[in-house]
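# Understanding the architecture of this molecule
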Amino acid sequence: MTEVELVATALATGAAAGLTDTSRGVVHDLHAALREAVRRRLSGVGVRGGYGVRVLYAYETDPDVWRTRLLQVLASGLEMDEEILGAARAVLRAERRKGHITAVVGP
């Protein structure tokens, strides 16, 4: 799994957990931190940043439809630093501990 795929999978996993959990748990909080870190980074990318942020939010509503576009946005100049990668790993670890991890398969 590439770093871009890791982040996309964590974003989808966190969004899915938020849709199924009635409480605001650890996964939700970690997902919110990841989403905010990615949003901040996308906002700093310039003109494409606005598009990237829109794709990020659309991906959360329908990951199957928006996965390819999100992967393109994340791969096109977005630096995957330790803040983003660490947050993505934390979401996946927390979800795995709950026993609800779902594989997100995409191109």
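Residues numbered from 1 in each chain as written. Predicted model: local features only at pLDDT ≥ 70, side-chain atom pairs only at ≥ 80, totals over all residues. Heavy atoms only, no water.

### Some details on the overall build of the chain
Summing up its helical and strand segments, the chain has 5 helices and 0 strands in all. Starting at the N terminus and ending at the C terminus, the chain contains elements arranged as α-α-α-α-α. In the chain, which comprises 107 residues, the proportion classed as buried is 40%. Taking the contacts inside the chain whose residues are at least 6 apart along the sequence as the reference set, 71% of them involve residues at least 24 apart. (Helix = DSSP H or I, 4+ residues; strand = E, 2+ residues; numbered from the N terminus. Buried < 20%, exposed > 50% of the residue type's maximum accessible area, 1.4 Å probe, protein only. Contact = heavy atoms within 4.5 Å.)

### A few points about the environment of M80
Of note, M80 is situated in the loop between helix 4 (63–75) and helix 5 (82–98). For M80, the contacting residues outside a window of four places in its chain are E3, V4, V7, L74 and L85.

### Digging into the packing of helix 2 (residues 26–43) against helix 5
It is at 9 Å that the axes of helix 2 and helix 5 come closest, and there the two elements cross at 160°. In terms of orientation, helix 2 lies roughly antiparallel with respect to helix 5. Regarding helix 2 and helix 5, the two cross each other, and that crossing is left-handed. The residues of helix 5 that touch helix 2, namely those facing V26, V27, L30, H31, L34, A37, V38, R40 and R41, are E83, I84, A87, A88, A90, V91, A94, E95 and K98. Of the residues in the contact of helix 2 with helix 5, the class split is 12 nonpolar, 1 polar and 5 charged. (Axes fitted to C-alpha atoms, helices over the stretch in contact; angles between N-to-C directions. Parallel < 35°, antiparallel > 145°, perpendicular 65-115°, else oblique. Left-handed = near helix turned anticlockwise from the far one by under 90°. Nonpolar A, V, L, I, M, F, W, Y, C, P; charged D, E, K, R; others polar.)

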